Amino acid sequence: MTLPEKIINARRTRGLTQEELAQKAQLSIRTVQRIENGQSIPRMFTLRAIADALDLAYSEIDTKSREKVQNPMNQSEVSHFLRILCLSCFSYLVIPYVHFMVAQYLLRKEKRLNGAALSFARYIIRTQIWWVVLFHLGLLVTLAMNFFLVNYSSGVIIVNYFWIVFVAYIFNLIIVSGNFFRIKAVISFKTAI
């Protein structure tokens, strides 16, 4: 049974209208309508509010947590997913400013990942976000140095932005490669738990 069907059945069993459910759950009527029509996937706090309003346990209507428990990924699937996630970070070569969103999308799409593998996947994404921040800070520092050197220095020595980009890209290549080769250790740790 799907989530909308569960909510509709529970609401009708209790003799509530959509308006009454929305009022009890302190949600808008449009939110309840969208959830029951399957047009939107509710967030956890919305689902908890609906469960409380229907006097149900959260676990009775939360299908995602049951999916994780019923179909956990095996070791080869986890390894494959983490490798794909790690390789998706190479998209920084094409879209350096928001490349980590590719990995974030892949992680949100995979619902069966948990434990040490999930922590490692989040670590991969965090390192990419930090790389973007440091990359931009490096560019800003180079801009400030060039401004200072041109305006306040006797000689005209300008730091080329190419070197900052080159060093940052090589540094990220090392980070992504290191994470890729650490996947086996993370998988071994996951199975040991």
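Values in this document were obtained by computation on a predicted structure and should not be read as measured data.

Trainee: Before we move on, could you go through the overall build of the protein and cite the residues and values that matter?
Mentor: In terms of helices and strands, the protein carries ten helices and zero strands. Order of helices (α) and strands (β) in the protein, N terminus to C terminus: α-α-α-α-α-α-α-α-α-α. For 193 residues, the compact-globule formula gives about 16 Å, and the C-alpha radius of gyration of the protein, at 24 Å, lies well above that figure. Counting only C-alpha atoms and orienting by the principal axes, one finds that the protein spans roughly 85 × 45 × 25 Å.

Trainee: Can you explain the pattern of salt bridges? Please cite residues and give values.
Mentor: In total, this model carries one salt bridge according to the counting rule given. Between E36 and R11 there is a salt bridge, with its nearest N and O atoms 2.7 Å apart. With E36 in helix α3 (residues 29–37) and R11 in helix α1 (residues 3–13), this pair connects stretches of sequence that are 25 residues apart. With relative accessibility at 6%, the residue E36 sits in the buried group. R11 sits in the buried class, given a relative accessible area of 8%.

Trainee: Can you explain the packing of helix α7 (residues 75–88) against helix α9 (residues 116–152)? Please cite residues and give values.
Mentor: Packed helix pairs are characterised by how far apart their axes lie and by the angle those axes make with each other. One can describe the packing of α7 onto α9 by two numbers: an axis separation of 10 Å at closest approach and a directional angle of 5°. Taken together, the axes of α7 and α9 are roughly parallel relative to one another. Of the residues in α9, those in contact with V78, L82, L85 and C86 of α7 are A117, F120, A121 and I124. When grouped by side-chain class, the residues that make up the contact of α7 with α9 number eight nonpolar, no polar and no charged.

Trainee: Describe in detail unusual backbone geometry, supporting the description with residues and values.
Mentor: Even without being glycine, Q26 reaches a positive phi, approximately 55°. Looking at the secondary structure, you find Q26 in the loop between α2 (18–25) and α3. The exposure class of Q26 is exposed, given its relative accessible area of 73%.

Trainee: Report on α2, specifying residues and quantitative values.
Mentor: Turning to α2, its buried residues are Q18, L21, A22 and A25. Projected onto a plane normal to the axis of α2, the buried residues spread over an arc of 100° and lie on a single side. If you follow the buried residues of α2, they end up packed against α1, α3 and α4 (44–53).

Trainee: Break down the confidence of the model for the protein for me, citing the residues and quoting the values.
Mentor: On average, residues of the protein score 85 in pLDDT, and 91% of them are at 70 or above. Element-level mean pLDDT values for the protein span from 47 in helix α6 (residues 63–70) up to 92 in α2. Across residues 65–70 the pLDDT falls below 50, and counting only partners more than four positions away or on other chains, this stretch makes six contacts in the model.

Trainee: Account for α3, naming residues and giving values.
Mentor: Taken as a whole, α3 has its buried residues at V32, I35 and E36. The buried residues of α3 occupy one face: seen down the axis, they fall within an arc of 95°. The inward-facing, buried residues of α3 contact α1, α2 and α4. Of the residues flanking the end of α3, it is G38, one or two places downstream, whose phi is positive at about 75°.

Trainee: Describe the packing of aromatic side chains, and please don't skip the residues or the numbers.
Mentor: The final tally for this structure, using the stated rule, is 13 aromatic pairs. Geometrically, the ring pair formed by W131 and Y169 is edge-to-face, given 5.7 Å between the ring centres and 65° between the ring planes. In this pair, W131 is assigned in helix α9 and Y169 in helix α10 (residues 161–192), connecting sequence segments 38 residues apart. Residue W131 shares its accessibility class with Y169, and that shared class is buried.

Trainee: So what's going on with the packing of α7 against helix α8 (residues 100–109)? Which residues, and what values?
Mentor: Between α7 and α8, the shortest axis-to-axis distance is 8 Å and the interhelical angle comes to 160°. Between α7 and α8, the angle falls in the class roughly antiparallel. Crossing hand, α7 versus α8: right-handed. Touching F81, I84, L85 and S88 of α7 are V102, A103, L106 and L107, all from α8. Residues of the contact of α7 with α8, tallied by class, amount to seven nonpolar, one polar and no charged.

Cut-offs applied
Residues numbered from 1 in each chain as written. Predicted model: local features only at pLDDT ≥ 70, side-chain atom pairs only at ≥ 80, totals over all residues. Heavy atoms only, no water. Helix = DSSP H or I, 4+ residues; strand = E, 2+ residues; numbered from the N terminus. Rg over C-alpha atoms; globule rule 2.2 N^0.38 Å. Salt bridge = Lys/Arg side-chain N within 4 Å of Asp/Glu carboxyl O. Buried < 20%, exposed > 50% of the residue type's maximum accessible area, 1.4 Å probe, protein only. Axes fitted to C-alpha atoms, helices over the stretch in contact; angles between N-to-C directions. Parallel < 35°, antiparallel > 145°, perpendicular 65-115°, else oblique. Contact = heavy atoms within 4.5 Å. Nonpolar A, V, L, I, M, F, W, Y, C, P; charged D, E, K, R; others polar. Arc of directions from axis to C-beta. pLDDT = per-residue confidence, 0-100. Phe/Tyr/Trp six-rings, centres within 6.5 Å; stacked < 30°, edge-to-face > 60°. Left-handed = near helix turned anticlockwise from the far one by under 90°.

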